[in-house]
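# Structure assessment
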Amino acid sequence: MLDISYNNFSGNLPLCLANLTSLRQLDLSFNHFIGNISLSPFRGLTNLEDLSVSNNLFQIPISLSPFFNHSKLKYMESWGNKIFAETDDQYLNPRFQLERLILSSSGYGGAFPKFLYHQHDLKFVDLSHIQMSEGFPYWLLQNNTKLENLDLINNSLSGPLQLPLQYSHMNLSWLDISNNFFQGFITPEIGTYLPKLSYLKMSGNGFSGSIPSSLGNMSLLEYLDLSNNRLSGRIPEDLTIGCVSLYKLILSNNSLQGQIFSETSYLRFLYELQLDGNQFTGSIPHSLSNNSFIEVLDLSHNNLYGRIPRWLGNMHFLRVLDLSMNNISGSLPSNFCPSNIQEIYLSRNGLQGSLEDAFYGCSELIVLDMGHNHMTGSIPSWIGNFSQLSYLILGHNHIDGEIPVQLCNLTQLSLLDLSHNHLSGPILPCLRSTSNSYRQQEGSYNASAPVSVDEPLEFTTKSTSYSYQGRMLSYISGIDLSCNHLTGQIPIEIGYLNEIHVLNLSHNSLTGKIPASFSNLRQIESLDLSYNNLEGNIPPQLTELNFLEVFNVSYNNLSGRTLDKVAQFGTFDESSYRGNPFLCGWPLPRNCTEMVSPPSKSRTSIENEESNGFMDMGVFYISFGVAYTMVLLTIAAVLYINPYWRRVWFYFIEGEHVNYSTVNDNFLRTI
């Protein structure tokens, strides 16, 4: 035996290795060896029984032709290398009889290896992640009655799923053919032919038709994944009654219909149920209340209606609840808080009422997504007790009041979405937003909280709504307070959230200046301050934000110059600045030089400016003429009606005439 695994050896294998002719077990795994294994010294090691070369840089023919003379070889393990297709081996009959074969690697293997047709002692076969053509190798099951594990994940196998139906295969317990191109109906007799399966995964194919009721014959089945296919019809009642050992059922993203489960369902040991992305109708079935071990319940993206049942709050092991994208209505049950709940997704339903009595005491919450509902009332103050809360999505509701100061206690907060509500008052200077990846790098991340969450979260960034899931979600952080009635100035402290990626304060009534501290937002990618009452200059230091892809300060009262046309700021167009009448410079049409020192103007331009100025002269002349005429008519009417005033008027005119004549005569004598 020679074991040199888990080192940093590199280069080609030394040829002198061929001298070790008595070797029975050789382990070279987890190194950096290179070269075509057909040219290596393995050909002379004909006494090998167990060979492991996993996680190297070898090139290995899928036919295993270099080992055809190794009559004692039983265990071949080679995942993490490069597999390539060789000359057709259908006529080659190797001398070995393998029991364990692992070639899980990358590369193109061509046709399914024909040498396996001559193998009869196989127990474990893993040929995953190799691009192989042809259909399902039904003869592999027929020739190897001892086979226990068959793994063909992520290949290019296509056609229908053909099984040899002469007799039942009593040893196969693991079958994974996910992420291929299989299509057509799932063999109706699959449960009869493979009754001992405990793990069946067929996701990511093109299977159509209904789920075979024969699956109910698999009393040992623990894991069933038929997601991401084209299956239709109902969930067979035989499956929910006969598969008494089932603990994980995944039927996501199909076209399944009808009620989820009947009242006779007996899946008592389920801990994960994912039925999202189908067309299920009706209410959440009461039969699920018997599944006290459920940890993950995902019924999202269906057509479920009715209220959220109160008994969901009694599921002590429930960790993830996703009912988003349904037609669920009514108010939330009071004191709705499963003791171990960490993630709650209820977005895009018709829920209404207040949050005040719903989640009080859910101290382990990491995700609370209530976006796109009809929730009213204010944000409860007890939300500050959720010390682990990282994602709070309450956007697109009817929530009012001020932002509670208790939100500042959420030190783990990464995403905060309170947009499209009726919130008022100032922005709290103590709000936080830090990415989980940053906290982990800094060593302050709470080890009890997961790095990623189970379900996708919707958040608007760069003016577009995206869904983030898994580890990708841990790299995004942001605050969205847009479309509310917030007032006051933007706190300077917001500019020190140096890990934030998205900040949207648009469509509010904010005043004051853009804080110069925003230059510290070194990771920001989207900054939207549009549709407010901000004034003053745009801080020139913002040009230091090198990751900024969306920048919008339009429709404010900003003045002065736009930012210099440097780096990414050279890509922002007029839409980023428009609606600020005192702002000038590229890309706006207003030239800052002309605004400061206007040139001499022609008479025509002056007249045009006067006509557009504070007083319109044409209107003035018309109104003056009308007023003058009205005065004359009023005087004439008074003189006509009142004789006394008429006499006084005539005497006055006569006196003025005499005075005028006297003055005129004196003037003429002087001349």
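Everything quoted here is computed from the prediction, not taken from an experiment.

Scoring rules and cut-offs
Residues numbered from 1 in each chain as written. Predicted model: local features only at pLDDT ≥ 70, side-chain atom pairs only at ≥ 80, totals over all residues. Heavy atoms only, no water. Helix = DSSP H or I, 4+ residues; strand = E, 2+ residues; numbered from the N terminus. Buried < 20%, exposed > 50% of the residue type's maximum accessible area, 1.4 Å probe, protein only. Contact = heavy atoms within 4.5 Å. 1 Å grid on protein atoms, 1.4 Å probe; cavity = no way out; pocket = protein on both sides within 12 Å on 5 of 7 lines; lining within 4 Å. Points joined across faces, edges and corners; volume = space filled by probe spheres on them. Nonpolar A, V, L, I, M, F, W, Y, C, P; charged D, E, K, R; others polar. Salt bridge = Lys/Arg side-chain N within 4 Å of Asp/Glu carboxyl O. Pairing = 2+ DSSP bridges. Axes fitted to C-alpha atoms, helices over the stretch in contact; angles between N-to-C directions. Disulfide = S-S within 2.5 Å. Phe/Tyr/Trp six-rings, centres within 6.5 Å; stacked < 30°, edge-to-face > 60°. pLDDT = per-residue confidence, 0-100.

Here the focus is the overall build of the protein chain. In terms of regular secondary structure, the protein chain is built from 8 helices and 47 strands. Within the protein chain, the fraction of its 671 residues that count as buried is 48%. Partitioning the contacts of the protein chain with sequence separation of at least 6, the portion at a separation of at least 24 is 55%.

Roughly 400 Å³ of internal volume is contained in the largest pocket. The set of elements that each furnish at least two residues to the lining of the largest pocket consists of strand 21 (248–250), strand 23 (272–274), strand 37 (453–461) and strand 38 (464–470). Of the residues forming the lining of the largest pocket, the biggest block, 5 residues, is contributed by strand 37. The class makeup of the residues in the lining of the largest pocket is 5 nonpolar, 12 polar and 10 charged.

Attention now goes to the pattern of salt bridges. Counted under the stated rule, the structure contains 5 salt bridges. Note that aspartate 121 is salt-bridged to lysine 146, the shortest N-O span being 4.0 Å. You can see aspartate 121 sitting in the loop between strand 10 (106–110) and strand 11 (124–126) and its partner lysine 146 sitting in the loop between helix 1 (138–143) and strand 13 (149–151), a full 25 residues away along the chain. On the basis of relative accessible area, lysine 146 is assigned to the partly exposed category, the value being 42%.

This next bit is on the pairing of strand 10. Strand direction decides the pairing type here: strand 8 (residues 82–84) and strand 10, joined by 3 bridges, are parallel. From the neighbouring strand, phenylalanine 84 faces strand 10, where its bridge partner is tyrosine 108. Across 2 bridges, strand 10 lies against strand 12 (residues 131–132) in parallel orientation. In the strand pairing of strand 12, tyrosine 108 is matched with glutamine 131.

With that out of the way, let us pick up the sheet that holds strand 26 (residues 305–306). Hydrogen bonding along the main chain pairs the strands of a sheet, whether they run parallel or antiparallel. Strands sit in the order 26-28-30-32 across an open sheet of 4 strands; the sheet is parallel. Both edges of this open sheet fall to strand 26 and strand 32 (374–375), since each of them pairs with a single strand only.

We now examine the sheet that holds strand 40 (residues 485–489). What the 4 strands build is an open sheet, ordered 34-36-40-42; its pairing is parallel. Looking along the sheet, the strands with just one partner apiece sit at the ends: strand 34 (400–402) and strand 42 (509–511). Averaged over all neighbouring strand pairs, the angle between strand axes comes to 15 degrees, with direction disregarded. Where strand 40 meets strand 42, 3 bridges bridge the pair, whose relative direction is parallel. Across the sheet, the residue bridging to threonine 487 is serine 509, located in strand 42.

Considering the arrangement of structural elements, one finds aspartate 480 in strand 39 (residues 478–480). Beyond its immediate sequence surroundings of up to four residues, aspartate 480 is in contact with Leu416, Asp417, Leu418, Ser419, Phe459, Thr460 and Asn504.

In the structure shown here, the tally under the stated rule is 3 disulfides. A sulfur-sulfur separation of 1.7 Å characterises the disulfide bridge that pairs cysteine 408 with cysteine 430. Disulfide cysteine 408-cysteine 430: the torsion about the S-S bond is 55 degrees, which places it as right-handed. Of this pair, cysteine 408 sits in the loop between strand 34 and strand 35 (415–417) while cysteine 430 sits in the loop between strand 36 (422–425) and helix 4 (436–441), and the two are 22 residues apart along the sequence. Note on cysteine 408: relative accessible area 11%, which makes it buried. Cysteines bonded in the protein chain are numbered consecutively along the chain; their disulfide partners then correspond to 1-2, 3-4, 5-6.

Within the structure shown, the criterion is met by 26 aromatic pairs. An angle of 75 degrees between the planes, with centres 6.0 Å apart, marks the rings of phenylalanine 68 and phenylalanine 96 as edge-to-face. Of this pair, phenylalanine 68 sits in the loop between strand 6 (57–61) and strand 7 (75–77) while phenylalanine 96 sits in the loop between strand 8 and strand 9 (100–102), and the two are 28 residues apart along the sequence. For the pair shown, phenylalanine 68 and phenylalanine 96 are each scored as buried. Relative to tyrosine 468, the ring of tyrosine 466 lies with its centre 6.3 Å away and its plane at 55 degrees, an arrangement referred to as tilted.

Quick look at the confidence of the model for the protein chain now. Mean pLDDT over the protein chain: 87, with 86% of residues reaching 70 or higher. Across the protein chain, the secondary-structure element scoring lowest on mean pLDDT is helix 6 (residues 603–611), at 39, and the one scoring highest is strand 17 (residues 199–201), at 98. Note on residues 658–671: pLDDT under 50 across the span, and 0 contacts to partners over four residues away in sequence or across chains.

What follows deals with unusual backbone geometry. Here the bond from tryptophan 586 into proline 587 is cis, since omega is 10 degrees, no more than 30 degrees from zero. Positive phi outside glycine occurs at asparagine 253, with the angle close to 55 degrees. Residue asparagine 253 is classed as partly exposed on the basis of its relative accessible area of 36%. Its identity is not glycine, yet methionine 325 carries a phi of approximately 60 degrees, on the positive side. As for its placement among the helices and strands, methionine 325 is situated in the loop between strand 27 (320–322) and strand 28 (327–331).

A few words on the side chain of threonine 240. Mapping threonine 240 onto the fold places it in helix 3 (residues 237–242). What threonine 240 contacts, discounting residues up to four positions off in sequence, is Ile235, Phe261, Ser265, Tyr266 and Leu267.

Another point: the environment of tyrosine 247. Following the sequence through the fold, tyrosine 247 ends up in the loop between helix 3 and strand 21. By relative accessible area, tyrosine 247 is classed as partly exposed at 26%. Along the backbone, tyrosine 247 and isoleucine 294 are 47 residues apart, and their C-alpha atoms lie at a distance of 8.6 Å. In this structure, tyrosine 247 is in contact with Glu222, Tyr223, Phe269, Leu270, Tyr271 and Glu272, ignoring residues within four places of it in sequence.

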